[in-house]
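Residues per chain are reported as follows:
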Number of protein chains: 2
Amino acid sequence: MSERTTRETILDAARPLFAERGFNGTTIRDIADAAGVSPALVMKLSGSKAELFQAAAPDSPGLDPDPSEELPGYRLVRAVVERRNSGDYEFWAMAPYLVQEAPEPEIARAKMTERVVPRIAAVIGEQTPEKTRARMVVTLLLGLASGLRTFEILTPQAIDSAKLIEAYGALVQKIIDDDGL
Amino acid sequence: MSERTTRETILDAARPLFAERGFNGTTIRDIADAAGVSPALVMKLSGSKAELFQAAAPDSPGLDPDPSEELPGYRLVRAVVERRNSGDYEFWAMAPYLVQEAPEPEIARAKMTERVVPRIAAVIGEQTPEKTRARMVVTLLLGLASGLRTFEILTPQAIDSAKLIEAYGALVQKIIDDDGL
DNA sequence: ATTATCTATAGATCTATAGATAATGC
DNA sequence: ATTATCTATAGATCTATAGATAATGC
């Protein structure tokens, strides 16, 4: 097993732990146990816990691999709902913890904005320097992920997926189409 | 100084620390220093760190003391924006951490939903058992607070307060008025 | 020979408690 | 006398490192 592979094993073990328990709630030993190696090796290969966090924490949302005919507002919402249904990792739900729990929250916040806002601006085709609509869309996606994942108030019992995509997608699309912003 | 008062001093010191740094990121000593007492006294008066967290963490949003003529969607949004402008404590921004960082996240999540959803249902006048619209409104407020506070992507430079209240208030009001939900 | 990994442990926390002292009310 | 508060410290972590051993490639 080369270093590359072991390092990847450790990062893969670290990611969900950091996401679920945060920086302080996750120990090097937790990660080592999950990866099946000694804590010393985790330290050796990652340098420090803070560096490991930086390396492990995903810092941008998953790409949309298949730009369909659907309007981008609905498409973005559908992706979040489908990830809930399949239990996949949800960047938008983890982002608040990644900022708040980072060893240096201010830097984490700035980095996050830098990566995420232009990305969404590209998806919705916004070209203004302020990227106001992209910022609003990011806000809406953060809320949706909170409701679906962190708080689980938008359960399938409370609202079925199709209806949710229709209603919430309409909100996102309304922002995208808003000429006043 | 009676116990009541010292206990309150400690809780007031603990609240912002827990909110900013989370449960694991805040130590009894931090709280003791902020309150100007010894760590031993903090322990004595609070029982344990977990109990202190329970006692200190606000578990519901601030009430709306002045129900105006304004439509509830705009009113709810305006309150969040104004708290940003005045730098006041924002329940909706802290709620994710309170759930995630709680000693028992599952219980914290259930409690949160139990308190918050009926509250918002009352504000918007929803009486269905599922409270689907209240859940959607909570989701939108969580997003707004994330965008304003946690990520600071909705800065006054990016969008001025009046415009934000108008645009985001319209979304919340759209959900409140949505007959399909 | 070099790289990968482990054991053992130092040094620095952290929560919690025991027991002492200072302040308060009768 | 009782309540409020402190000092001192036990016991349990946690990160990080030093030095030893096992595995690998030449």
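Here the structure is a predicted model, which is why all the values come from computation and not from measurement.

Enquirer: What am I meant to see in the protein's contact with DNA strand C here?
Expert: The environment of DNA strand C is formed by 15 residues, the closest being Ser38 and Ala40 of chain A together with Ile28, Met43 and Lys49 of chain B. Expressed as a percentage, the sugar and phosphate content of the atoms of DNA strand C within 4 Å of the protein is 73%. In this structure, a phosphate oxygen belonging to DNA strand C sits 3.2 Å away from a side-chain N or O atom of Thr6 of chain A. Taking Ser38 of chain A, its main chain carries an N or O atom lying 2.8 Å from a phosphate oxygen of DNA strand C. Going through the elements one at a time, helix H1 (3-25) and helix H3 (39-46) of chain A together with helix H3 (39-46) of chain B are the ones with two or more residues in the surface near DNA strand C. Looking at the surface near DNA strand C element by element, the count peaks at 3 residues for H3 of chain A. Residues that form the surface near DNA strand C fall into these classes: 7 nonpolar, 5 polar and 3 charged.

Enquirer: Just to check I follow, could you spell out the side chain of Glu126 of chain B for this structure?
Expert: All names here are of chain B. Relative to the helices and strands, Glu126 resides in the loop between helix H7 (105-124) and helix H8 (132-150). Of note is the side chain of Glu126, whose polar atom sits 3.4 Å from the backbone nitrogen of Thr132. In contact with Glu126, not counting residues within four places along its chain, are Ala121, Lys131, Thr132, Arg133 and Ala134.

Enquirer: Can you help me understand the side chain of Glu126 of chain A in this one?
Expert: The exposure class of Glu126 of chain A is buried, given its relative accessible area of 6%. There is a polar contact of 2.9 Å between the side chain of Glu126 of chain A and the backbone nitrogen of Ala134 of chain A.

Enquirer: Sorry if this is basic, but what is going on with the protein's contact with DNA strand D here?
Expert: Lining the immediate surroundings of DNA strand D are 14 residues, of which Ile28, Met43 and Lys49 of chain A together with Ser38 and Ala40 of chain B lie closest. Near the protein, within 4 Å, the atoms of DNA strand D are sugar or phosphate in 70% of cases. Within the backbone of Lys49 of chain A, one N or O atom sits 2.9 Å away from a phosphate oxygen of DNA strand D. One of the side-chain nitrogen or oxygen atoms of Thr6 of chain B is found 3.2 Å away from a phosphate oxygen of DNA strand D. Among the elements of the structure, H3 of chain A together with helix H1 (3-25) and H3 of chain B are those that each provide at least two residues to the surface near DNA strand D.

Enquirer: Help me out: how do you make sense of the packing of helix H8 (residues 132-150) of chain A against helix H9 (residues 161-177) of chain B in this one?
Expert: Axis angle and axis distance: for two packed helices, these are the angle between their axes and the distance between the axes, and together they describe the pair. As a packed pair, H8 of chain A and H9 of chain B sit with axes 13 Å apart at the nearest point and diverge in direction by 40°. In terms of orientation, H8 of chain A and H9 of chain B fall into the oblique class. Every pair of crossing elements has a handedness; the one defined by H8 of chain A and H9 of chain B is right-handed. Counted together, Met136, Thr139 and Leu140 of chain A of H8 of chain A and Leu164, Ala167, Tyr168 and Leu171 of chain B of H9 of chain B form the full contact between these two elements. Among the residues making up the contact of H8 of chain A with H9 of chain B, the classes are represented as 6 nonpolar, 1 polar and no charged.

Enquirer: Any chance you could explain helix H4 (residues 49-56) of chain B here in plain terms?
Expert: Within H4 of chain B the residues assigned to the buried category are Leu52, Phe53 and Ala56 of chain B. Down the axis of H4 of chain B, the buried side of the element spans an arc of 100°, and every buried residue falls inside it.

Enquirer: I would appreciate a short explanation of the domain arrangement of chain A in the present structure.
Expert: Accessible area lost upon the coming together of the parts is a frequently used measure of interface size. Residue and element names in this part refer to chain A. Segmenting chain A into domains produces domain 1 (3-56) and domain 2 (72-177). Using C-alpha coordinates to define each centre, domain 1 is positioned 27 Å away from domain 2. Of the residues lining the interface, 8 residues belong to domain 1; the matching set on domain 2 comes to 8 residues. Counting across the domain 1 and domain 2 interface gives 0 salt bridges. The interface formed by domain 1 and domain 2 contains 1 residue pair in polar contact (both at pLDDT 80 or more). Listed by contribution, the elements that provide at least two residues to the side of domain 1 that touches domain 2 are H1 and helix H4 (49-56). Sort the elements by how many residues they give to the side of domain 1 that touches domain 2 and H1 lands first, with 5 residues.

Enquirer: Help me understand the interface of chain A and chain B, please; the structure alone is not making it clear to me.
Expert: Tallying the contact residues gives 45 residues for chain A and 45 residues for chain B. Contact with chain B buries area across many residues of chain A, yet Gln100, Phe151 and Ile153 of chain A alone supply 18% of it, more than any other trio. Seen at the junction of chain A and chain B, the total is 2 salt bridges. As a salt-bridge pair, Arg109 of chain A and Glu152 of chain B come within 3.7 Å of each other at their nearest N and O atoms. Our count for the contact surface shared by chain A and chain B stands at 16 residue pairs in polar contact (both at pLDDT 80 or more). Going through the elements one at a time, H1, helix H6 (91-100), helix H7 (105-124), H8 and helix H9 (161-177) of chain A are the ones with two or more residues in the side of chain A that touches chain B.

Enquirer: Explain the relation of the copies chain A and chain B to me, please; I cannot follow it from the model alone.
Expert: In this arrangement, two copies of a chain are superimposed by a rotation about an axis accompanied by a shift along the axis. For the match of chain A to chain B, the screw axis carries a shift of 0.0 Å, the RMSD comes to 0.1 Å, and the turn is 180°. One copy is carried onto the other by what is essentially a two-fold rotation axis. Relative to the rotation axis, the closest C-alpha in chain A is found at Gly143 of chain A, a distance of 1.7 Å. A share of 100% of interface residues in chain A that are also interface residues in chain B marks the association as one of identical surfaces.

Enquirer: Help me out: how do you make sense of empty space enclosed by the protein in this one?
Expert: Taken as a whole and judged by the stated rule, the model has 3 cavities of 30 Å³ or more. Estimated volume of the largest cavity: approximately 60 Å³. Around the largest cavity sit Phe91, Trp92, Ala95, Met112, Thr113, Val116, Val117, Val138 and Leu142 of chain A together with Phe151 and Ile153 of chain B, which together line it. At the level of secondary structure, the elements contributing two or more residues to the lining of the largest cavity comprise H6, H7 and H8 of chain A.

Criteria and thresholds
Residues numbered from 1 in each chain as written. Chains lettered and ligands numbered in written order. Predicted model: local features only at pLDDT ≥ 70, side-chain atom pairs only at ≥ 80, totals over all residues. Heavy atoms only, no water. Near = heavy atom within 4 Å. Polar contact = N/O pair within 3.5 Å; in protein donor to acceptor, adjacent residues only side chain to side chain. Helix = DSSP H or I, 4+ residues; strand = E, 2+ residues; numbered from the N terminus. Nonpolar A, V, L, I, M, F, W, Y, C, P; charged D, E, K, R; others polar. Contact = heavy atoms within 4.5 Å. Buried < 20%, exposed > 50% of the residue type's maximum accessible area, 1.4 Å probe, protein only. Axes fitted to C-alpha atoms, helices over the stretch in contact; angles between N-to-C directions. Parallel < 35°, antiparallel > 145°, perpendicular 65-115°, else oblique. Left-handed = near helix turned anticlockwise from the far one by under 90°. Arc of directions from axis to C-beta. Domains from an automatic or database assignment. Salt bridge = Lys/Arg side-chain N within 4 Å of Asp/Glu carboxyl O. Buried area = accessible area lost by both parts, 1.4 Å probe. Least-squares fit on C-alpha atoms with pLDDT ≥ 70 in both. 1 Å grid on protein atoms, 1.4 Å probe; cavity = no way out; pocket = protein on both sides within 12 Å on 5 of 7 lines; lining within 4 Å. Points joined across faces, edges and corners; volume = space filled by probe spheres on them.

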